[in-house]
Amino acid sequence: MYVGLDYGHRKPSAVLFGRFWDNEWYIFDEIYVVEKTYEQLRELIQQKAAASGFEVELIFADPAIWAKKDSPVSGADKLAPLPVRQAMNERVVGWTLCREFFRTKSIKIFNTCTHLIRTIPDMVHHEKKVEDLDTNGEDHAVDALRYLLVTHKHIIQQQEILTYTPRYEQSESDLEEVFRPQGEHPALYTMGFIRPNY
């Protein structure tokens, strides 16, 4: 299981949990909370991971949490012993990849991810940088998704030989049993960014 993390304190922290199987993403759970310390968020992630039955391979997080500012300890340090690494933060590259996953229906979002599902349709293009998103929107969950998808593709898929079971060797019922949390059914979403009216 891989995790995407966009940290906030007064603004929401968004954490997405996903499995990459047979060249498709299954985003099956989320955390969306405000005013949580890094330590509190770490505990929530550990609880979610334990409940899922999957081991956290890596957490791809906003590079900003490695800044130490006025403290000798960074936010990333406070998430230890979770396996956190800096996400790739090339925004346009990330959104292009996200759109491609949605266009090819290679991503399935379970209806347990209520905040990701709620906020995707509200995303709009930046007024001047039309390949980017307007950062004034509630983009925390989609940022976590971007970190997860783009970093996995450019780091994990290029460095490792994936060892998943090909789809034809598993029945549909087996797939549902693995990926359906608490009997929920996945919801497919298409990321259709709304262009602003100039």
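Use the structure listed above.
Residues numbered from 1 in each chain as written. Predicted model: local features only at pLDDT ≥ 70, side-chain atom pairs only at ≥ 80, totals over all residues. Heavy atoms only, no water.

### Quick look at the packing of aromatic side chains
- Within the structure shown, the criterion is met by 4 aromatic pairs.
- Each ring, one from Tyr7 and one from Tyr38, has its centre 3.8 Å from the other, and the planes form 20°; the classification is stacked. Placement of the pair is Tyr7 in the loop between strand 1 (2-6) and strand 2 (13-21) and Tyr38 in helix 1 (residues 38-52), with a sequence separation of 31 residues. Like Tyr38, Tyr7 is buried.
- Seen in terms of ring centroids, Phe28 and Phe54 are 5.7 Å apart; in terms of plane orientation they differ by 65°. Their pairing is edge-to-face. Taken as a pair, Phe28 in strand 3 (residues 24-33) and Phe54 in the loop between helix 1 and strand 4 (58-61) lie far apart in primary sequence, 26 residues in all. Just as Phe28 is buried, Phe54 falls in that class too. (Phe/Tyr/Trp six-rings, centres within 6.5 Å; stacked < 30°, edge-to-face > 60°. Helix = DSSP H or I, 4+ residues; strand = E, 2+ residues; numbered from the N terminus. Buried < 20%, exposed > 50% of the residue type's maximum accessible area, 1.4 Å probe, protein only.)

### Regarding helix 1
- A rise of 1.5 Å per residue sets the reference length of helix 1, with its 15 residues, at 21 Å; its end C-alpha atoms lie 21 Å apart and thus fit the reference within 8%.
- At its buried positions, helix 1 is contacted by strand 1, strand 2, strand 3, strand 4 and helix 2 (75-78).
- Two residues or fewer after helix 1 comes Gly53, characterised by a positive phi angle close to 85°. (Expected span 1.5 Å × (residues − 1). Contact = heavy atoms within 4.5 Å.)

### Points about the pattern of salt bridges
- One pass over the structure, following the stated rule, counts 4 salt bridges.
- We note a salt bridge from Arg103 to Glu100, for which the minimum N-O separation is 2.6 Å. Here Glu100 and Arg103 lie together in helix 3 (residues 91-103), a separation of 3 residues that amounts to about one turn.
- Overall, Arg103 belongs to the exposed group, its relative accessible area being 58%.
- Residue Asp143 pairs with Arg146 through a salt bridge whose shortest N-O separation is 3.0 Å. Taken as a pair, Asp143 and Arg146 lie in helix 5 (residues 140-159) at a separation of 3 residues, close to a single helical turn. Of the two residues, Asp143 and Arg146, neither departs from the other in class, the shared state being buried. (Salt bridge = Lys/Arg side-chain N within 4 Å of Asp/Glu carboxyl O.)

### Description of the pairing of strand 2
- With 8 of its 9 residues buried, strand 2 lies for the most part within the structure.
- In the sheet, strand 1 pairs with strand 2 via 5 bridges, with the strands oriented antiparallel. Note that in strand 2 the partner of Asp6 across the bridge is Ala14.
- Two successive antiparallel strands, strand 1 and strand 2, enclose a turn made up of 6 residues.
- Across 9 bridges, strand 2 lies against strand 3 in antiparallel orientation. Opposite Gly18, over in strand 3, you have Ile27 as the bridge partner. (Pairing = 2+ DSSP bridges.)

Note that every value here comes from positions in space, so none of it alone points to a role or purpose.
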